[in-house]
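# Observations on the model geometry
Listed below, chain by chain, are the residues.
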Amino acid sequence: MAERPEAIVLGAGVVGMATAYALARRGVGVLILDRSVEPGRGTSFANGAQLSYAYTDALGTPALLRKLPMLALGADPAFRLRPSMDPGFIRWGLSFLRNSTAARSLGNTLEGLRLGLESRAAMHALLERHPLDFLHSMPGKLHLYEDSESLAAASAMVERKRREGAVQEVLSPAQAVALEPALASAETRLSGAVYSPEEEVGDPYLFCRKLLETLKSDYRVQARFGVNARLEIRDGRPDVVLADGERIEAERIAVCTGVDTPKLLKGTGIRVPIWPMRGYSITAPPGPDAPRISITDARRKVVFCRLGERMRIAGLADLGSRSTDIDAVRLKSLIDSARASLPGAVEFDRVESSWAGLRPMTPSSLPVIRKEGAGLVLNVGHGGLGWTFAMGSGERAAALMLEKLD
Ligand SMILES: Cc1cc2nc3c(=O)[nH]c(=O)nc-3n(C[C@H](O)[C@H](O)[C@H](O)COP(=O)(O)OP(=O)(O)OC[C@H]3O[C@@H](n4cnc5c(N)ncnc54)[C@H](O)[C@@H]3O)c2cc1C
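First, a word on scope: everything that follows refers to the structure included in this document. These numbers were taken from a predicted model, which means no experiment stands behind them.

## Remarks on the site of the ligand
Taken together, 41 residues lie around the ligand, and Gly13, Gly42, Gly48, Gly258 and Gly386 are the ones closest in. Put simply, the parts of the chain that give the shell around the ligand at least two residues each are α1 (14-25), β2 (30-34), β14 (275-284), β18 (353-361) and α10 (386-401). Residue composition of the shell around the ligand, by class: 14 nonpolar, 22 polar and five charged.

Structure, rendered in structure tokens:
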């Protein structure tokens, strides 16, 4: 690569790594910069591991709006709301309300589905070229519904998504148990389930590491870690400046800094509506009734999946929490919900690791992938679906970056 990189990718989470790959595959020399010690150490580290290509439902819905007063009072253990007078939060909140009408919510979900299906195709194309080992598999997914009202809403959504190319079907409780016997203890409380046979799982941290190895060996890609960067715009052109004052210029820059993006863009005049929503995960050995198929318990908002020899469980949505420290009470809440949902899924007394991360939420639940003047592209705000959306987002961002510079 020439001394001056052709493109800089700022941020080495799943989104940054996928963007770097999409550029490198098109022949571009890329420099990846990240302040962590290695790739995949941010929100991508120990997330729910689900590649939920068909389950791209926006967070904002009329049903959620109806429940908001209850949620604000802490009535649902899955949610915590930390209101703030910060103008950024007020703008975000108002936009979230606007995105929660039936029409907008459906539009956002279907736009997410398009990106999900693009991402699936891009992931498969990557794996054809480079069979990376990141505990990737296609176990399919079952969404469990306990009340008939939410099952009816989910069934209507299945019909709509099938017209757009999603592969999903609605199952009775007995059909769900026949498919996944580990659900036997839950059968009597279920109204039904949605089965998505093409959903996949994979370890996002391993993905970032393995992809970086391939990018360095097979493409014109370099990476620098442990560098805290900021963005400076001079005469309409962006530059990256490191904490020690080093300035790195490039024709093109992709910003893939997840939840830290508003801070990075401060002072540039560019605004993105991203607010943090903390969630938790645990990793533990499989229990006596560990499911083979990934499970989402829609009522408790907990996801379960097998990741190699381990089970990963993730959940909780604490809007406005900015710390990634583990709050013992919230972690216990996740474990209690998971145990109530599928008591035999994991060895709950042998949890090997627990983790908290900040989802970079936008009001629409869709990422911001857009050009910002000459040479700058944002690829941020992937919320609760960044692993799912990473590959398609990388392709879209790379295509935008390679449009003629104005
Ligand atoms: C509990 C939980 C469960 C989840 N489960 C799933 C799931 O099952 N499926 C799914 O699709 N998604 C899931 N998600 C969402 C997903 O993890 C995120 O959307 C995704 O990781 C975002 O990726 P990213 O690359 O944008 O951000 P990150 O992974 O956070 O990467 C951003 C990178 O930018 C770097 N950076 C930031 N600022 C700077 C700077 N100034 N200088 C240098 N470097 C900088 C950071 O160090 C970081 O490495 C989950 C999230 C959580 C919290």
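## Section: the environment of Pro204
For Pro204, the location among the structural elements is in helix α7 (residues 204-218). For Pro204, a count of 27 C-beta atoms within 10 Å gives the class buried. For the pair Pro204 and Pro39, spaced 165 residues apart in sequence, the C-alpha to C-alpha distance is 10.0 Å. In contact with Pro204, not counting residues within four places along its chain, are Val14, Gly40, Ser44, Asn47, Ala49 and Trp387.

## Considerations on the pairing of β2
Within a regular strand, the side chains alternate between the two sheet faces. Most of β2 sits out of view: five of its five residues are buried. Where burial is concerned, the two faces of β2 agree: the one with Val30, Ile32 and Asp34 and the one with Leu31 and Leu33 are both buried. Examined bridge by bridge, strand β1 (residues 7-10) and β2 share four bridges and lie parallel to one another. Within the sheet, the bridge partner assigned to Ala7 lies in β2 and is Val30. In this fold, the crossover linking β1 to β2 by way of α1 has right-handed handedness. Relative to strand β9 (residues 221-225), β2 runs parallel, the two sharing five bridges. Across the sheet, residue Ile32 finds its bridge partner in β9, namely Ala223.

## As for the pairing of strand β16 (residues 302-307)
Summarising burial for β16: six of the six residues are buried, a large majority. In this structure, strand β15 (residues 294-297) lies alongside β16, joined through three bridges in antiparallel fashion. Residue pairing for β16: Ile295 is matched across the bridge by Phe304. With six bridges connecting them, β16 and strand β17 (residues 310-319) associate as antiparallel partners. Residue pairing across strands places Arg306 opposite Met311, the latter belonging to β17. Between β16 and the antiparallel strand that follows it, β17, lie two residues; Gly308 among them carries a positive phi value of about 60 degrees.

Conventions and cut-offs
Residues numbered from 1 in each chain as written. Predicted model: local features only at pLDDT ≥ 70, side-chain atom pairs only at ≥ 80, totals over all residues. Near = placed C-beta within 6 Å. Helix = DSSP H or I, 4+ residues; strand = E, 2+ residues; numbered from the N terminus. Nonpolar A, V, L, I, M, F, W, Y, C, P; charged D, E, K, R; others polar. Buried ≥ 20, exposed ≤ 12 C-beta atoms within 10 Å, placed from the backbone. Contact = placed C-beta atoms within 7 Å. Pairing = 2+ DSSP bridges. Right-handed = clockwise from strand over helix to strand, strands pointing away.

Geometry only, nothing functional implied.
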